[in-house]
Every structure is written in structure tokens, then in C-alpha cells.
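One-letter residues, chain by chain:
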Amino acid sequence: MTDTIEKLERLDKKRSKEHKEKEILRSSITLKILRANRAANEPAHYDTIEVPVQRSTTVLDALLWAKGYKDHSIGIRYSCRMASCGSCGMKINGIPRLACYTKVSELSGDTITCEPLSNFPHIRDLVTDFSQFFEHHKNMQPYIQNENADIKDPAKLSEFMQSPEDVDKFLQFSYCIKCGCCYAACPTVAMDTKFPGPQALAQMYRYFADTRDTAVEKRMEIVDDRHGLFRCHFAGSCSSVCPKGVDPALGIQLLRGHMLGYSSNEKKIAELKERLKK
Amino acid sequence: MAPSYIYKVCTGGEEVLMEAIDRNNREGIKGWLNPSRYGAERISYWLQRLTGVGLLGYFIGHVYETSSLTNGPDAWAAMLELTQTPMGHMILLLVIGMSTFHSANGIRLIFTQGGKGLGKPGRPDYPYDAVSLNYRQKSGIWIALILAAAAMMYGASVLFGGE
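Computed from a prediction, not measured in an experiment: that's the story for all the values here.

(A) Local environment of the overall build of chain A. Secondary structure assignment for chain A yields 10 helices and seven strands. Summarising its shape, the C-alpha atoms of chain A cover approximately 75 × 55 × 40 Å along the three principal directions. Counting only residues that meet the buried cut, chain A has 40% of its 278 residues in that class. Here the contacts in chain A between residues at least 6 apart in sequence split such that 66% fall between residues at least 24 apart.

(B) Up close: the overall build of chain B. A tally of helices and strands in chain B yields four helices and two strands. Secondary structure elements of chain B occur, N-terminal to C-terminal, as β-β-α-α-α-α. Of all intrachain contacts in chain B linking residues separated by at least 6 positions in sequence, the fraction that spans at least 24 positions is 53%.

(C) The arrangement of the sheet that holds strand β3 (residues 89-92) of chain A in detail. All names here are of chain A. Taking strand neighbours across the sheet as the criterion, the five strands line up as β2-β1-β5-β3-β4 in an open arrangement whose pairing is mixed. Each edge of the open sheet carries a strand with a single partner, namely β2 (45-52) and β4 (95-98). On average, each strand axis in the sheet is inclined to that of its neighbour by 35 degrees, with strand direction left out of account. Sheet analysis places β3 next to strand β5 (residues 111-115), joined by two bridges and oriented antiparallel.

(D) Region of the structure containing the domain arrangement of chain A. All names here are of chain A. For chain A, the assigned domains read domain 1 (2-128) and domain 2 (131-277). Centre-to-centre, using C-alpha coordinates, domain 1 lies 30 Å away from domain 2. Contact with domain 1, which involves 15 residues of that partner, is made by 13 residues of domain 2. The element that contributes the greatest number of residues to the side of domain 1 that touches domain 2 is β4, accounting for four residues. Across the side of domain 1 that touches domain 2, the residue classes break down as eight nonpolar, five polar and two charged.

(E) Seen up close, the interface of chain A and chain B. Across the contact, 44 residues belong to chain A and 35 residues belong to chain B. Sorting the residues of the side of chain A that touches chain B by element identifies β6 (122-124), α4 (164-171), α8 (237-241) and α9 (248-260) of chain A as the ones contributing at least two each. The dominant element in the side of chain A that touches chain B, judged by the number of residues it contributes, is α9 of chain A, at seven residues.

(F) Examining the nonpolar core more closely. In this structure, Leu63, Leu201, Tyr205 and Leu255 of chain A are the most contacted members of the largest nonpolar core, which totals 69 residues. Considering each element in turn, this core owes the most residues, seven residues, to helix α6 (residues 197-208) of chain A. When we break this core down by domain, the ones giving at least three residues each are domain 1 (2-128) and domain 2 (131-277) of chain A. Beyond its immediate sequence surroundings of up to four residues, Leu63 of chain A is in contact with Leu31, Ile74, Ile76, Ala99 and Cys114 of chain A. Listed in part, the seven residues of the second largest apolar core include Val95, Ile141, Ala144 and Ala148 of chain B.

(G) Here's a closer look at the packing of helix α3 (residues 131-139) of chain A against α6 of chain A. Residues and elements named next belong to chain A. The geometry of α3 relative to α6 is characterised by a closest axis approach of 9 Å and an angle of 20 degrees between their N-to-C directions. Between α3 and α6, the crossing angle belongs to the class labelled roughly parallel. When you trace α3 past α6, the crossing you get is right-handed. Contacts between α3 and α6 pair Phe133, His136, His137 and Asn139 from the former with Gly197, Gln199, Ala200 and Gln203 from the latter. The residue makeup of the contact of α3 with α6, split by class, is two nonpolar, six polar and no charged.

(H) Broad picture of the environment of Ile123 of chain A. All names here are of chain A. If you trace the backbone, Ile123 turns up in strand β6. Take Ile123: there are 22 C-beta atoms within 10 Å of it, and that puts it in the buried class. For the pair formed by Ile123 and Pro43, sequence separation is 80 residues and the distance between their alpha carbons is 12 Å.

(I) Highlighting the environment of Glu42 of chain A. For Glu42 of chain A, the position within the fold is in the loop between β1 (28-35) and β2. Residues contacting Glu42 of chain A, with those up to four places away along its chain left out, are Ala36 and Asn37 of chain A.

(J) Quick look at the confidence of the model for chain B. When the pLDDT values of chain B are averaged, the result is 86; 84% of them are 70 or greater. Confidence metrics for the complex model read pTM 0.86 and ipTM 0.84.

(K) Here's a closer look at the pairing of β3 of chain A. Residue and element names in this part refer to chain A. Here β3 shows a buried face lined by Gly89 and Lys91 and a second buried face lined by Met90 and Ile92. Where β3 and β4 come together, four bridges link them in antiparallel fashion. Paired with Met90 across the two strands is Arg97, which belongs to β4. Once β3 ends, the chain turns through two residues before running back antiparallel as β4, passing Asn93 with a positive phi of about 50 degrees.

(L) View of the environment of Val95 of chain B. All names here are of chain B. Relative to the helices and strands, Val95 resides in helix α3 (residues 86-112). On the basis of neighbour count, Val95 is assigned to the buried category, with 20 C-beta atoms found within 10 Å. Placed 46 residues apart in sequence, Val95 and Arg49 show a C-alpha to C-alpha distance of 14 Å.

(M) Quick peek at the packing of α3 of chain B against helix α4 (residues 135-161) of chain B. Residues and elements named next belong to chain B. The geometry of α3 relative to α4 is characterised by a closest axis approach of 8 Å and an angle of 155 degrees between their N-to-C directions. Regarding the angle of α3 to α4, the classification is roughly antiparallel. Like other packed secondary-structure pairs, α3 and α4 cross with a definite hand, here right-handed. Residue classes in the contact of α3 with α4 are distributed as 16 nonpolar, eight polar and one charged.

(N) Highlighting unusual backbone geometry. Cis geometry is adopted by the peptide bond preceding Pro127 of chain B, which originates at Tyr126 of chain B and carries an omega value of 5 degrees. Despite not being glycine, Gln141 of chain A has its phi angle at roughly 50 degrees, a positive value. Looking at the element boundaries, Gln141 of chain A is found in the loop between α3 and α4. In this structure, Phe234 of chain A takes a positive phi of about 55 degrees despite not being glycine.

The rules we used
Starting from 1, residues in each chain are numbered consecutively following that chain's sequence as written. Note on labels: chains are lettered from A, ligands numbered from 1, in written order. Local features in this predicted model are restricted to residues whose pLDDT is 70 or higher, and side-chain atom pairs enter the listing and the counts only when it is 80 or higher, whereas totals over whole chains, interfaces and linings include all residues. Helix numbers and strand numbers start at the N terminus; a helix is a DSSP run of H or I with at least 4 residues, a strand a run of E with at least 2. Any residue with 12 or fewer other C-beta atoms within 10 Å of its own C-beta is exposed, any with 20 or more is buried, and the rest are partly exposed; the C-beta atoms used are placed from the backbone. Residues are defined as contacting one another if the C-beta atoms placed from their backbone atoms lie within 7 Å. We treat two strands as partners when DSSP finds at least two bridges between them. For helices, the fitted line uses only the C-alpha atoms of the stretch in contact; every axis is such a line through C-alpha atoms, and the angle between N-to-C directions lies from 0 to 180 degrees. A domain assignment, automatic or from a database, supplies the domain bounds used here. When residue character is reported, Ala, Val, Leu, Ile, Met, Phe, Trp, Tyr, Cys and Pro are called nonpolar, Asp, Glu, Lys and Arg charged, and the others, Gly included, polar. In this description, a nonpolar core means buried residues of the types Ala, Val, Leu, Ile, Met, Phe, Trp, Tyr and Cys, linked to one another by C-beta atoms lying within 7 Å. Roughly parallel here means an angle under 35 degrees, roughly antiparallel means over 145, roughly perpendicular means 65 to 115, and every remaining angle is called oblique. Whether a crossing is left-handed or right-handed is set by the direction in which the near helix is turned from the far one by less than a right angle, anticlockwise for left-handed and clockwise for right-handed. Scored between 0 and 100, pLDDT is the confidence that the predictor attaches to each residue.

Now the structure itself:
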């Protein structure tokens, strides 16, 4: 245990040293913000605003300073300011990121470009429409389905036992905050509107891998579609931009492995063992 | 694409324009133009696509080339002469490179897309490095690139080396 803690501390020190070496300290930056009001059919243009910054200033801080002191009309969606709500996803210097989680000191150059997330219908300035994204998420039936659990009869309700190893199989995917960064980075979503996208497919794997869920076949049928699971070609962009370490590409490939029969389906094996016992 | 309009019906029955949404905010093919934004795997995806399209073009050309046989030996010889030029050799070199990369990278993808060589899901920790984008994938991409370069060099030595 002590060894593990020491190892983690050493890793932390190494990372913090690397981070400090990469840091770019400046007193001000220029924000280049894409402005457009689609409802008014306004053509898109960029506004540039000079913003004073400190070492800890995030892109969201800089945008809010610009909104507070220079131009109140900047359209931006944000909420928690601590990478928990996933509201402030936007393209920062061309890459989808959370504005509250990206420090200005991490970015090179004196100009920081902020644009709305690609692959989402644009509403105004940095705000995009997530309805299609959430629709794909809903289509994956993101809830536990278990025919053995009769939720209408409290007397029949019982606890579902899970080992920590079972939890580890899906926990990572349940950390998704639905910020849409993976959806904006995916090259397949960029070409195919019906493709559910990395977020939805990773959520499908999250419930597929959950030992409490028994709707395996039903879930397979949902993603086994012309625009479904097999449209992913493992560009890995979703995992490289995910701010929470969900690694959607991993979930999608594992799900496909199960579908193709490459990976052993532990739930199916357990089910067969149960049948043999009976 | 034209913007789509969302209306809301008020209690009085009148329709009020709530918002006009431009649905055309997808990156499309434009997203392919800068593959270096997302790391080695995205570059490999881009190269796999590009080499695939290139090989399809070669395949069509190859079918056209061999079909000249039906017009007699002279037509076939004339067609072969076209490939014996420096430009013809350069195209063949490209084909060698493309086919080697596409095959080697394709083998990596067969395993990867079946969930092999990606690592196991675990509890993510800061700075949240993705398990799936691991050294095995990067090594696979580099091996495919090195094999393609080696095959092209060997091909160049045969095609341009002369006797």
C-alpha cells in the first residue's frame, strides 16, 4: 500500500514538473470568438477581444471577463465551472474541450480561438443544440433492465450483488458528463447524422457490461444497424478529447468484440452455468 | 442546408417563431483536412482512408489496363509501355506503399476493432490518458509506416535500379 502511494506521489511530481515546463505565462491574451445568430440569419464572423489573464485563468474565465466587461451579448452556455456539468464544451483552437477545464497557460499562441462545437446544430455564438445528441443517448436505453426484478412489487425487490471487479468493468463509462466533445471530434458523426456517436455507444457498453442488466440481446439489436456500431473506424479522436477519461473508443471496440464473438461474454457464460446447474 | 424553424403554439392558437437552427454545422470532409489535431490514431485513420481510396483508383486503372489484352498483343504492349515511364514507376511505387500500409494497418485494426490490444477498463485518474490509445496502437501504426517505407525503397531499387 505504502509503495503504491509513493509510486503515485512520484508520478504526480513528474506530471506537475512536466506541466510547469509546458506552461506559457502571459499577462493578456486575445480571444477570437465566433459570433452568429442563426435565428436572425446573421452571417458568422469573428470578434477579437483583449483579455487580462493570470496563471490560473481558464478559457471560461476569460470568456466571462469578455462578456462582463467588453460585450454582454456573447452567447455562451456554462454552469458549474468545474468540469462536472459538461455545459461549456466548445472548440478551443480547433479542438473540442471544456472551457472551464482548459487553462489559458496550456495553450500556445497569443490568440485563442473559440468556436461552437462541430457536428451540433448551431444556435448562437458558442451555443449549440444538443437535442439530436440526447436523442441518440435516449435511443440506447441508458438504464438498467432486468426481467428478474419486479419493481412493481416491493416484496420481490432484492439487492443486486456486485463485486468491485464487476463495477470496474463499467464505472469508467458512467463518468460521462455528456459534454459532447467526443461527438464533435468524431469523423463518422461528421459524415453520418444517423450514427449514434461515441457518447451513446459508450453508454451502451456501460449498461451492456453491467452485471445487473440482462437486456443483452435487445441492446445488441439496437446497435447492430447500418448506421450503428460498425460505422466506428477507431480514429480514437473521441478518447483523445474526453475531459473525464471515459475513453469511449475503448467501450465501442469492446462492445464490437462481444458482438463479433472475439471477447468472451462473461454474462452469457454465467447464464449458461446457471442453466447447467438447473 | 437551409435553417429549420421551430415554432411554438401559444394558448391563443398563434404560432410563435422560437428559433431558427442551421443544421449544417457538421465538419464533413473538411474534418479530414487537419488530422494531426487528434493524435496518431486519427492520422492513421486518415491514411487508411486515403490509401483505401488510392487503391480503389489503382484497381479501376488496373482493370482498364488488363482489359487492353482483349484488343490484341499490340494494344497490350502499348499499354505496358505507359507503365515503363518514370511517371508510371512513381505511380507503382505509390501503390506499393499504399498497399503495404493499408494491409499492415488493417491487420492492426482487425484486432483493435474486436477489442484486442486495447487494455481493460479501470478507474480513470488525472490526467485521464485514454487506455485505448496505448503504446501498442502507436507501435502498430509506426510498424505499418516503416513497412510501407521499406517496401517503397525496395520497389524503387527494383524499378529505378536498372540492370
